[in-house]
Amino acid sequence: MSRPSWDEYFMRITHEVAQRSTCLRRQVGATLVRNKRILATGYNGAPSGLAHCEDAGCPRERNNVPSGERHELCRGLHAEMNVLIQAAVFGVSTADATLYTTAHPCSLCAKMIINAGVKRVVTLDDYPDELSKQMLAEAKVTIESPVTQKLS
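Residues numbered from 1 in each chain as written. Predicted model: local features only at pLDDT ≥ 70, side-chain atom pairs only at ≥ 80, totals over all residues. Heavy atoms only, no water.

Draft legend 1. Molecular detail of the packing of aromatic side chains. The tally for this structure, following the rule as stated, stands at four aromatic pairs. Seen from their ring centres, Tyr9 and Phe10 are 5.0 Å apart, and the 65 degrees between their planes marks the pair as edge-to-face. Exposure remark for Phe10: the relative accessible area of 2% places this residue in the buried category. (Phe/Tyr/Trp six-rings, centres within 6.5 Å; stacked < 30°, edge-to-face > 60°. Buried < 20%, exposed > 50% of the residue type's maximum accessible area, 1.4 Å probe, protein only.)

Structure representation (structure tokens):
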């Protein structure tokens, strides 16, 4: 039996975190790690205490908004936003951390990732947001996709 690499291990956990998502369009998970220790997890969905999209409906779906566009119409938070907020709520430093996410961060999340001091992002899937990729590269945040097989 071969042990998974650290990246595979944390990505498998991140994939499980995504299963908690309440988004009707895409389930995304995020895990924040430093020194091989999990700092926080997050998934995409409505803010705490608000109706989930499965109950309230999805404005983006109703208006046929393509993936990667019009983020402001979404009633949910992205997984990357939630993982950073969870770290903040519990007073956990995000400096020099690695963020594992099942989808490449959008430009809104990229700005937060940069300001949170995250140094590395490991992602499973791509996302159609070139501005995000440009900003992360400019900020010298390393982006890696070492997990070659999709997790199921």
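Draft legend 2. How the structure looks around the nonpolar core. Ranked by internal contacts, the top residues of the largest apolar core, which has 19 residues, are Leu32, Val83, Leu84, Leu99, Ile113, Val118 and Val121. When residues of this core are traced back to their parent elements, those giving at least two are strand S1 (29-34), helix H4 (79-89), strand S3 (98-103), helix H5 (107-115) and helix H6 (130-138). Among the elements that line this core, the one with the most residues is H4, at four residues. Other than its neighbours up to four places away in sequence, Leu32 contacts Arg37, Ile38, Leu39, Ala40, Val83, Leu84, Ala87, Thr94, Ala97, Thr98, Leu99 and Val118. If you look at the next biggest cluster of nonpolar residues, it comprises six residues, including Phe10, Val33, Tyr100 and Val122. (Core = buried A, V, L, I, M, F, W, Y, C linked by side-chain atoms within 4.5 Å. Helix = DSSP H or I, 4+ residues; strand = E, 2+ residues; numbered from the N terminus. Contact = heavy atoms within 4.5 Å.)

Draft legend 3. View of the state of the cysteines. Under the definition given, this model contains zero disulfides. A disulfide-free cysteine, Cys58 has its sulfur positioned 5.9 Å from the sulfur of Cys53, the nearest such atom. Just so you know, Cys109 is unpaired, no disulfide at all, and the nearest cysteine sulfur is the one on Cys106, 3.8 Å from it. Given a relative accessible area of 1%, Cys109 falls into the buried group. (Disulfide = S-S within 2.5 Å.)

Draft legend 4. Fine view of the environment of Ala51. Looking at the secondary structure, you find Ala51 in the loop between strand S2 (37-43) and helix H2 (53-56). Measuring from C-alpha to C-alpha, the distance between Ala51 and Thr31 comes to 24 Å, with 20 residues separating the pair along the chain.

Draft legend 5. Molecular detail of H5. Those residues of H5 not exposed but buried are Ser107, Cys109, Ala110 and Ile113. Summarising the axial view, the buried residues of H5 lie within an arc of 150 degrees, below the 170-degree limit, and thus occupy one face. Next to the buried residues of H5 lie H4, S3, strand S4 (120-125) and H6. Downstream of H5 by one or two residues, Gly117 has phi in the positive range, about 85 degrees. (Arc of directions from axis to C-beta.)

Draft legend 6. Region of interest: the pairing of S4. Counted residue by residue, S4 has five buried out of six residues, so it is predominantly covered. Sheet topology note: the S3/S4 ladder contains five bridges and is parallel. Directly across from Leu99, in S4, lies its bridge partner Val121. In the classification by handedness, the crossover that spans S3, the intervening H5 and the parallel S4 is right-handed. Of the pairings in the sheet, the one linking S4 to strand S5 (residues 142-144) comprises three bridges and is parallel in character. When the sheet's bridge partners are listed, Arg120 is paired in S5 with Thr142. (Pairing = 2+ DSSP bridges. Right-handed = clockwise from strand over helix to strand, strands pointing away.)

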